[in-house]
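# Breakdown of the fold
Letter by letter, the chains look like this.
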Amino acid sequence: MRLNDKSAIVTGGAAGIGRAICQLFAEEGASVTVADIDEVGGRETVRLIADAGGEAGFVRTDVSDETQVKAMVDQAASSMGKIDVLVNDAAAFVFGLVEDVTDDDWQRVFGVNVIGASYCVRNVMPHMKALGGGSIVNIASVSAMVAQAAFVPYNASKGALLQLTRCLALDLAPNGIRVNCVCPGSVLTQATEAHRKFTGTDRDDFLREAGSSNFLKRIADPREIAYGALFLASDESSFMTGSPLIMDGGATAQ
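Now for a quick tour of the structure. (Residues numbered from 1 in each chain as written. Predicted model: local features only at pLDDT ≥ 70, side-chain atom pairs only at ≥ 80, totals over all residues. Heavy atoms only, no water.)

## Here we look at helix α8 (residues 222-233)
To be explicit about the condition: Think of it this way: any DSSP run of H or I at least four residues long counts as a helix, any run of E at least two long counts as a strand, and we number them from the N terminus. Here the expected span of a helix is defined as 1.5 Å times the quantity of residues minus one. In this scheme, a residue with accessible area under 20% of its type's maximum is buried, one over 50% is exposed, and one in between is partly exposed, where area comes from a 1.4 Å probe on protein chains only. Contacts are assigned to residue pairs that have any heavy atoms within 4.5 Å of one another. For the purposes of these results, a polar contact is taken to be a pair of N or O atoms within 3.5 Å, where, inside protein, one atom must be able to donate a hydrogen and its partner to accept one; residues adjacent in sequence count only when each atom of the pair is a side-chain atom.
Its 12 residues give α8 an end-to-end C-alpha distance of 17 Å, which sits within 8% of 16 Å, the value for a rise of 1.5 Å per residue. Those residues of α8 not exposed but buried are P222, I225, A226, G228, A229, L230, L232 and A233. Tucked into the core, α8 has its buried residues touching α1 (16-27), β4 (85-88), β5 (134-139), β6 (177-184) and β7 (244-247). N-capping of α8 is provided by D221, with a side-chain oxygen placed 2.9 Å from the backbone N of R223.

## Comments concerning the environment of F93
In this fold, F93 is placed in the loop between β4 and α4 (103-131). On the basis of relative accessibility, which here comes to 28%, the residue F93 falls in the partly exposed class. Here F93 is in contact with R108, Y154 and A191, once residues within four sequence places are set aside.

## A short note on the packing of helix α6 (residues 190-199) against helix α7 (residues 203-212)
In plain terms, the rule: Geometry is summarised by axes, namely lines fitted to C-alpha atoms with helices restricted to the contacting stretch, and by angles between N-to-C directions that run from 0 to 180 degrees. Any angle that is under 35 degrees is reported as roughly parallel, and any over 145 degrees as roughly antiparallel; angles of 65 to 115 degrees are reported as roughly perpendicular and all others as oblique. Handedness of a crossing follows from how the near helix is turned relative to the far one, being left-handed for an anticlockwise turn of less than a right angle and right-handed for a clockwise one. Think of it as three bins: nonpolar holds Ala, Val, Leu, Ile, Met, Phe, Trp, Tyr, Cys and Pro, charged holds Asp, Glu, Lys and Arg, and polar takes everything else, Gly as well.
Across the interface, α6 lies against α7 with an axial gap of 10 Å and an inter-helix angle of 115°. By the angle between their axes, α6 is roughly perpendicular relative to α7. For α6 against α7, the interelement crossing comes out right-handed. Contacts between α6 and α7 pair T192, E193, H195, R196 and T199 from the former with R203, F206 and L207 from the latter. Here the contact of α6 with α7 is composed, by residue class, of two nonpolar, three polar and three charged.

## A look at the sheet that holds β5
Definition in use: Being paired, for any two strands, means DSSP has found at least two bridges between them.
In spatial order, the strands read β3-β2-β1-β4-β5-β6-β7; together these seven strands make up an open sheet with parallel pairing. If you trace the sheet from one side to the other, it starts and ends with β3 (55-60) and β7, each paired once. Averaged over all pairs of adjacent strands, the angle between strand axes in this sheet comes to 20°, irrespective of strand direction. Of the strand pairs in this sheet, β4 and β5 are connected by four bridges, and their pairing is parallel. Note that in β5 the partner of L86 across the bridge is I136. Against the sheet, helix α5 (residues 152-172) makes contact with β5, β6 and β7, and its axis sits at roughly 160° relative to β6, the strand it touches most.

## Some points on the packing of α1 against α8
Contact pair α1 / α8: the axes reach a minimum separation of 8 Å and the direction vectors enclose 55°. Of the possible angle classes, the one that applies to α1 and α8 is oblique. Every pair of crossing elements has a handedness; the one defined by α1 and α8 is right-handed. For the pair α1 and α8, the contacting residues are G16, I17, A20, I21, L24, F25 and E27 in the first and P222, R223, I225, A226, Y227, A229, L230 and A233 in the second. Taken together, the residues of the contact of α1 with α8 sort by class into 12 nonpolar, one polar and two charged.

## Thoughts on a nonpolar patch on the surface
Threshold: Candidate patch residues must exceed 30% relative accessible area and have no salt bridge, after which like charges are joined if within 9 Å and Val, Leu, Ile, Met, Phe, Trp or Tyr side chains if within 5 Å. What sets the accessible areas is the Shrake-Rupley method with a 1.4 Å probe; for residues, cover comes only from the shown protein chains. Take a side-chain nitrogen of Lys or Arg and a carboxyl oxygen of Asp or Glu: if they are within 4 Å of each other, that pair is a salt bridge.
Together, M145, V146 and I246 line one region of the surface with nonpolar side chains, adding up to about 210 Å² of accessible area. Along the chain, I246 turns up in strand β7. I246 gets classed as partly exposed once you look at its relative accessible area, which sits at 40%.

## Structural notes on empty space enclosed by the protein
Note the threshold: The pocket and cavity definitions rest on a 1 Å grid over protein atoms only: a 1.4 Å probe that fits but cannot leave marks a cavity, an open set with protein on both sides within 12 Å along at least five of seven lines marks a pocket, and residues lining either have an atom within 4 Å of a point. Grid points are joined across faces, edges and corners, and a volume is the space filled by probe spheres set on the points.
The final tally for this structure, using the stated rule, is one cavity of 30 Å³ or more. Here the largest cavity defines a volume of roughly 50 Å³. What lines the largest cavity is simply T11, V63, N88, A90, V112, N113, G116, A117, C120, I139, K158 and L161. It is α4 that contributes the most residues to the lining of the largest cavity, five residues altogether. Of the residues that constitute the lining of the largest cavity, the class distribution is seven nonpolar, four polar and one charged.

## A closer look at unusual backbone geometry
Even without being a glycine, A150 presents a positive backbone phi close to 60°. Inspection of the secondary structure assignment puts A150 in the loop between β5 and α5. By relative accessible area, which is 22% here, A150 ends up partly exposed.

## Regarding the pairing of strand β1 (residues 7-11)
Looking along a regular strand, one sees side chains alternate from face to face of the sheet. For β1, a buried count of five out of five residues is recorded, marking the element as mostly surrounded by other parts of the structure. Residues S7, I9 and T11 of β1 are buried on one face, and the alternating residues A8 and V10, pointing to the opposite face, are buried as well. Where β1 lies against strand β2 (residues 31-36), five bridges are found, and the strand directions are parallel. Considered in β2, the bridge of V10 is made with V34.

Right, dumping it as structure tokens:
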């Protein structure tokens, strides 16, 4: 019960890492608002939590639209009574060479991955300030730290999210609000499948190659990454802010 009596918003909670975070937070005692543009997946996350005895609700939200973000935060605060934790996991996965990336691609990847995260932070801030503090966890990526072939828009957005994390940590510290980020490496999610399709690689070959790039020689399960978000959301990380928590099996240590 590491989040006992806590209330959390998790964007991108319909699948993958976001769903794993929602489920783990609920298991650890939190009330969870699942926010996602995918209504079917989001409601399935809520069902899984309810079946396990947890407490959760769903609000369909496009985080790149601040009107929707504000409505979601207001509904979450009304239903849960307060907001202790925000996890910005919603992400757009846009890959490619700079000469191939369209204006719409740039707008989408930054609109969700960076601007959308800032909208969520801006709208939960009054609630966290009223409580005297809170924890914000951004789900970035090791792609924020390394160059990868034909990953220009995605890596640029995750690098921006990492820097947003640091700047928010500085600005919000006087309000008792901590801001950190998790930087996962290869994880078995829908994003992994999207990347595989983009490269046109056989699935078994792709997963084998992805795992071979780190010390542990495998890719992560979403729940393993969720434990990092749990640590940052909980009081166990009370002296930690502005920091990236790298969870990549040792890939960037080489």
